[in-house]
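Residues per chain, in single letters:
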Amino acid sequence: MFLRENLVSTILISIGFLLPDFYLGTIAEILTCSIPLTTLCGVVGFSFILSFVKNRWFLGFILTVTIITQCIQLNHWAYFGTPIHSHDISKAFLEVDEIAETGAASFAQLWQVWVATCLSILLILIGLIYFKKRKRIPYCWVLVLLILCITPVLSYIKGPSFFYTKPTSSTIYNTIRAFSDWLVNSNSKVKAQDYKPYNITYGTSKVKNIVVIIGESISSRYMHLYGYDKKNTPFLDSLKNTPNFAFSRGVSSSVATTSALQLFFNSFHNPGFVSLIRKKDANLFRIAKQQGYKTFVISAQNEKLFHDTGVEFVDSFASEKDIKKDLAKKGDEALIDMLETFSLGYKNLIVIHLRHIHSPFDTYTKYYPDLAFNKQKTKDRETQTQQEYANALLYHDYWVKECINAIQKILPLDTVVFFTSDHGELVGERGLYGHNLMEPEVVDVPIWALAINTNPSHIAFAKNTIVSHYDLAKHISALMGATIINPNEDPKKQFIHSSEIYTNYQFMPWDKDSQNVTFLKKEWLNG
Ligand SMILES: [Zn+2]
């Protein structure tokens, strides 16, 4: 029959392209995707044209691109619960080690993704290689290439706003849009924004010792201290009504670790004000140094996360690689042991950066297998994740208790301890998981402060109000004797910045009054 081989080849390639959507979306219900008629027609048409391609190199190229892009898309979607954003694609290539670790730990959720991917590749390969007698046209690859260029060209013409994820459409639709946008718009650097420089006045420091503990992926809404129904913060609860303790709902500046650290340590506020980070005008480590503080950073994570945070002003910096053995042996408690090894100065700024309770949340059970209020396993992902998350916060509370004891020993006088998390975490809200997504839950963090034998007025700012990372950074700076005045500040409006702050990123403004946060419509920096 005329074109019989081409038709069979078309059917196999089409099924190969659509299999992940059908299996993961309809049968296993791991993804929220579907196969709209437009996708079905597009895929069948594309596969039909592809079946006429003669050039093997070109076919190999198409297959490689499909495998890489769809692998990233499917794993991202299955893990986070939503299609990948073009801005997160570079991250996928840069953080391969961290992704591999999380991927391996999430194998129970992701194995079906890999099965679907392998079957999909197999079908496309059979369709292209096995049916050798299919009719082939010498320059047909040019036509395929032209078709593939349509979306990138449209992305280029229409700009980043052309790209929007569609969580109920097909993976192919989302992959083509996301990667096209990434390809043509990823180099769109932040345009110079017209901001006035910060005005910083220096005076006498108000407190001798400041300890800043930065948690990992901790959201306040799962802490008993903030009203969660399980009693998973007994130590913090015991401080709740003492005059030396203050806590408030916090709002982080970003949804990802690296940018959150960059923004916090640089007292960053206005979207796109990247020159502030370049110049380090309002950098907390720089201010500490200038005000005569000895500065220490101990991190249980990779040092590259501290890129552009001003570590050049830090006297003693230790990260994961420096304490790898101890971290493996006892987790974040290794950080507490480090405190006793410091040769402290007259005034000190100590930053402690945690690894717990990053996913997988139950890592701490290696050291404390019995520390949990509920160890029952359930197959429901949302219930199980929330349970593991709330259990991990019980460990976190224990860690805080141990850490405060150690701080009281080495710095018994004139000390203020601050705590916040780099960002929060989605644990099943609206079917979403993880961080990096520009969602209100991801910026929900705790902020608390403890005054150790010093004036309690130093922590009063965190009582019964909303505090942002920006507010906290300015307050710490003020305690060190440096008052930051930002002429570009709106008294009510603050901002959540994207996971990547050097390109034309998306940000989310929010309005704050003392008790409420109102998130406003997301905006792109360059319009
Ligand atoms: Zn983080």
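These numbers come from a predicted model, not from an experiment.

What counts and what doesn't
- Residues numbered from 1 in each chain as written.
- Predicted model: local features only at pLDDT ≥ 70, side-chain atom pairs only at ≥ 80, totals over all residues.
- Helix = DSSP H or I, 4+ residues; strand = E, 2+ residues; numbered from the N terminus.
- Rg over C-alpha atoms; globule rule 2.2 N^0.38 Å.
- Contact = placed C-beta atoms within 7 Å.
- Buried ≥ 20, exposed ≤ 12 C-beta atoms within 10 Å, placed from the backbone.
- Core = buried A, V, L, I, M, F, W, Y, C linked by C-beta atoms within 7 Å.
- Domains from an automatic or database assignment.
- Nonpolar A, V, L, I, M, F, W, Y, C, P; charged D, E, K, R; others polar.
- Axes fitted to C-alpha atoms, helices over the stretch in contact; angles between N-to-C directions.
- Parallel < 35°, antiparallel > 145°, perpendicular 65-115°, else oblique.
- Left-handed = near helix turned anticlockwise from the far one by under 90°.
- Pairing = 2+ DSSP bridges.
- Expected span 1.5 Å × (residues − 1).

Peer 1: What exactly am I supposed to notice about the overall build of the protein here?
Peer 2: Across its full length, the protein carries 16 helices and 16 strands. Expected size for 527 residues packed as a compact globule is a radius of gyration near 24 Å; at 26 Å, the protein falls within 12% of this value. Its C-alpha atoms give the protein principal-axis dimensions of about 90 × 55 × 40 Å. Across the protein, the fraction of contacts at a sequence separation of at least 24, relative to all contacts at a separation of at least 6, is 75%.

Peer 1: What am I meant to see in unusual backbone geometry here?
Peer 2: In most cases, non-glycine residues show a negative phi, while peptide bonds are predominantly trans. Note the cis peptide between H356 and I357, where omega equals 10 degrees. For the peptide bond that leads from S359 to P360, omega is -5 degrees, which places it in the cis range. Mapped onto the elements, P360 comes out in the loop between β6 (348-353) and α15 (381-410). In this structure, R430 takes a positive phi of about 50 degrees despite not being glycine. Looking at the secondary structure, you find R430 in the loop between β8 (426-427) and β9 (433-434). For R430, a count of 9 C-beta atoms within 10 Å puts it in the exposed group. Despite not being glycine, N436 shows a phi value in the positive range, around 70 degrees. The residue N436 is located in the loop between β9 and β10 (444-452) in this model.

Peer 1: What is the right way to look at the nonpolar core in this model?
Peer 2: Burial of nonpolar side chains together is a common tendency in soluble globular proteins. Counting residues in each nonpolar core, the largest one holds 96 residues, and the members touching the most others are V417, A449 and I476. The element best represented in this core is α15, accounting for 11 residues. Beyond its immediate sequence surroundings of up to four residues, I476 is in contact with I210, V212, L284 and F418. Grouped together as the second largest cluster of nonpolar side chains are 30 residues, I13, L31, F52 and W182 included.

Peer 1: So what exactly am I meant to see when it comes to the domain arrangement of the protein here?
Peer 2: Accessible area lost upon the coming together of the parts is a frequently used measure of interface size. Here the protein is described as being made up of domain 1 (4-185) and domain 2 (201-524). In this structure, domain 1 and domain 2 have C-alpha centres spaced 38 Å apart. Between domain 1 and domain 2, the contact holds 13 residues from the first and 16 residues from the second. The set of elements that each furnish at least two residues to the side of domain 1 that touches domain 2 consists of α3 (56-80) and α5 (96-105). Among the residues making up the side of domain 1 that touches domain 2, the classes are represented as four nonpolar, seven polar and two charged.

Peer 1: Before we go on, may I ask you to explain the environment of I121 in this structure?
Peer 2: Position of I121 relative to the elements: it lies in helix α6 (residues 107-130). Under the C-beta neighbour-count criterion, I121 is labelled partly exposed, with 17 such atoms within 10 Å. Taking the C-alpha atoms as reference, I121 lies 6.5 Å from G16; in sequence the two are 105 residues apart.

Peer 1: Please clarify how the packing of α3 against helix α8 (residues 171-185) should be interpreted in this entry.
Peer 2: When two helices pack together, their arrangement is given by the angle between the helix axes and by the axis-to-axis distance. Two numbers describe how α3 lies on α8: the axes approach to 10 Å, and their chain directions differ by 110 degrees. With respect to α8, the axis of α3 lies roughly perpendicular. Judged by the twist between their axes, the crossing of α3 over α8 is right-handed. For the pair α3 and α8, contact is made by T69, Q70, Q73, L74 and W77 and by T171, N174, T175 and F179, respectively. Considered class by class, the residues forming the contact of α3 with α8 number three nonpolar, six polar and no charged.

Peer 1: What should I look at first to understand the sheet that holds β10 in this one?
Peer 2: Note on sheets: strands pair through backbone hydrogen bonds, and any given pair is parallel or antiparallel. Ordered in space as β5-β4-β6-β2-β7-β10-β3-β11, the eight strands form an open sheet in which the pairing is mixed. Looking at strand neighbours, the two that pair on one side only are β5 (316-318) and β11 (466-468), the edges of this open sheet. Pairwise comparison of adjacent strand axes, ignoring direction, gives a mean angle of 20 degrees for this sheet. Relative to β5, strand β4 (residues 294-299) is paired through three bridges, and the arrangement is parallel. The residue bridging V297 from the neighbouring strand is F317, located in β5.

Peer 1: Even after reading the chapter, I still don't get the pairing of strand β13 (residues 493-497), so can you show me in this structure?
Peer 2: With four of five residues buried, β13 lies mostly within the body of the structure. Strand direction decides the pairing type here: β13 and strand β14 (residues 506-512), joined by five bridges, are antiparallel. Of the residues in β14, the one forming a bridge with I496 is M508.

Peer 1: Please explain the environment of F80 as it appears in this structure.
Peer 2: With respect to the element layout, F80 can be found in helix α3. Placed 55 residues apart in sequence, F80 and G25 show a C-alpha to C-alpha distance of 15 Å.

Peer 1: Just to check I follow, could you spell out the packing of helix α7 (residues 140-158) against α8 for this structure?
Peer 2: The N-to-C vectors of α7 and α8 enclose an angle of 55 degrees; their axes lie 8 Å apart at closest approach. For the element pair α7 / α8, the angle class is oblique. In this structure, α7 meets α8 at a crossing whose hand is right-handed. Each of T151, P152, S155 and Y156 in α7 lies in contact with α8, whose residues at this interface are I176, R177, S180, D181, L183, V184 and N185. Its residues assigned to classes, the contact of α7 with α8 comprises five nonpolar, four polar and two charged.

Peer 1: Before we go on, may I ask you to explain the pairing of strand β2 (residues 209-215) in this structure?
Peer 2: Taken residue by residue, a regular strand's side chains alternate between the two faces of the sheet. Of all seven residues in β2, seven are buried; the element is thus mostly enclosed. Alternating positions in β2 separate into two faces, N209, V211, I213 and G215 on one and I210, V212 and I214 on the other, with burial throughout. Of the strand pairs in this sheet, β2 and β6 are connected by six bridges, and their pairing is parallel. What sits directly across from I210, in β6, is L349. Summarising the sheet, β2 and strand β7 (residues 415-421) pair through seven bridges and their orientation is parallel. Bridging across to β7, I214 finds its partner in T420.

Peer 1: When you look at α3 in this model, what are you seeing that I'm missing?
Peer 2: Because an α-helix completes one turn every 3.6 residues, residues spaced three or four positions apart along the sequence face the same direction. Taking 1.5 Å of rise per residue, the 25 residues of α3 would be expected to cover 36 Å, and the 36 Å separating its terminal C-alpha atoms lies within 8% of that figure. Looking at α3, one finds that the buried residues are I62, Q70, Q73, L74, N75, H76, W77 and A78. Along its buried surface, α3 packs onto α1 (4-27), α5, α6 and α8. Following α3 by one or two positions, G81 has its phi on the positive side, about 90 degrees.

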